[in-house]
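Residue-level listing of the chains:
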Amino acid sequence: MLIDTFRRGHARLIDLCTSLQPLAQLAARVVVAKVFFLSGLTKLRDWETTLALFTDEYHVPLLSPEVAAFAGTAGEIVLPVLLVLGLGGRFAALGLSVMNVVAVLSVPEMPEAAFALHVFWGSLLVGLVLWGPGRWSADAVIGPRFLSRRPALA
């Protein structure tokens, strides 16, 4: 009797969690996208300061400061829009994950609180890469239609 009650309760909990997944995925997309998009807007507002930061403070490996500033800013503007829409959601989340890691590696003396935020954002992004943007996304609407039109491979 007690085991049956536990099983029913567990099944209800699983059903509730499953029904909340699209909302959680949308919330993760919006939270992370807002942070990166606002950072990109800040860089655009004062390009000279952005270039100075990439020259003097952010030490992005393998890229010149100008290329790193342009690529980083472009990524922070474009990828969050794609992420919120859930259009190429896994691609956008993966791109922002790379940017997040580069940001952590490029600032050698990052305060612990800032590092904790990067870990949080990274965790949300990894979840979106692994499980996708969810049912409430453009990928969920467009993806099946696009994929069903692909010709069979010979």
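One can find the structure itself at the top, above this paragraph.
Predicted model only: the values in this text are computed from it and were never measured.

**Here's the deal with the pattern of salt bridges**
Here is step 1 of the chain: Scanning the model with the defined rule gives one salt bridge in all.
Here is step 2 of the chain: For K43, the salt bridge identified is with E76, shortest N-O distance 3.0 Å. Placement of K43 in helix α1 (residues 2-45) and of E76 in helix α3 (residues 65-85) is noted, with a sequence separation of 33 residues between them. The same class applies to K43 and to E76, which are both buried.

**Thoughts on the nonpolar core**
Here is step 1 of the chain: A28, V32, A33, F36, L79, L83, A92, A93, L96, M99, L125 and L128 together form the largest nonpolar core, which totals 12 residues.
Here is step 2 of the chain: Elements supplying a minimum of two residues to this core: α1, α3, α4 (89-106) and α5 (112-131).
Here is step 3 of the chain: Not counting residues within four places of it along the chain, the set of residues in contact with L96 comprises V32, F36, G75, L79, P80, L83 and L125.
Here is step 4 of the chain: Listed in part, the five residues of the second largest apolar core include L51, F54, A68 and A69.

**Regarding unusual backbone geometry**
Here is step 1 of the chain: A positive phi angle is found at L62, which is not glycine, with a value near 75°.
Here is step 2 of the chain: Structurally, the position occupied by L62 is in the loop between α2 (47-56) and α3.
Here is step 3 of the chain: For L62, a relative accessible area of 88% corresponds to the exposed category.

**Observations regarding α3**
Here is step 1 of the chain: Under the 1.5 Å per step criterion, the end-to-end length of α3 is 30 Å for 21 residues, consistent within 8% with the ideal 30 Å.
Here is step 2 of the chain: Here the buried face of α3 lies against α1, α2, α4 and α5.
Here is step 3 of the chain: Count one or two residues on from α3 and you reach G86, which has phi positive near 70°.

Quick notes on the rules
- Residues numbered from 1 in each chain as written.
- Predicted model: local features only at pLDDT ≥ 70, side-chain atom pairs only at ≥ 80, totals over all residues.
- Heavy atoms only, no water.
- Salt bridge = Lys/Arg side-chain N within 4 Å of Asp/Glu carboxyl O.
- Helix = DSSP H or I, 4+ residues; strand = E, 2+ residues; numbered from the N terminus.
- Buried < 20%, exposed > 50% of the residue type's maximum accessible area, 1.4 Å probe, protein only.
- Core = buried A, V, L, I, M, F, W, Y, C linked by side-chain atoms within 4.5 Å.
- Contact = heavy atoms within 4.5 Å.
- Expected span 1.5 Å × (residues − 1).

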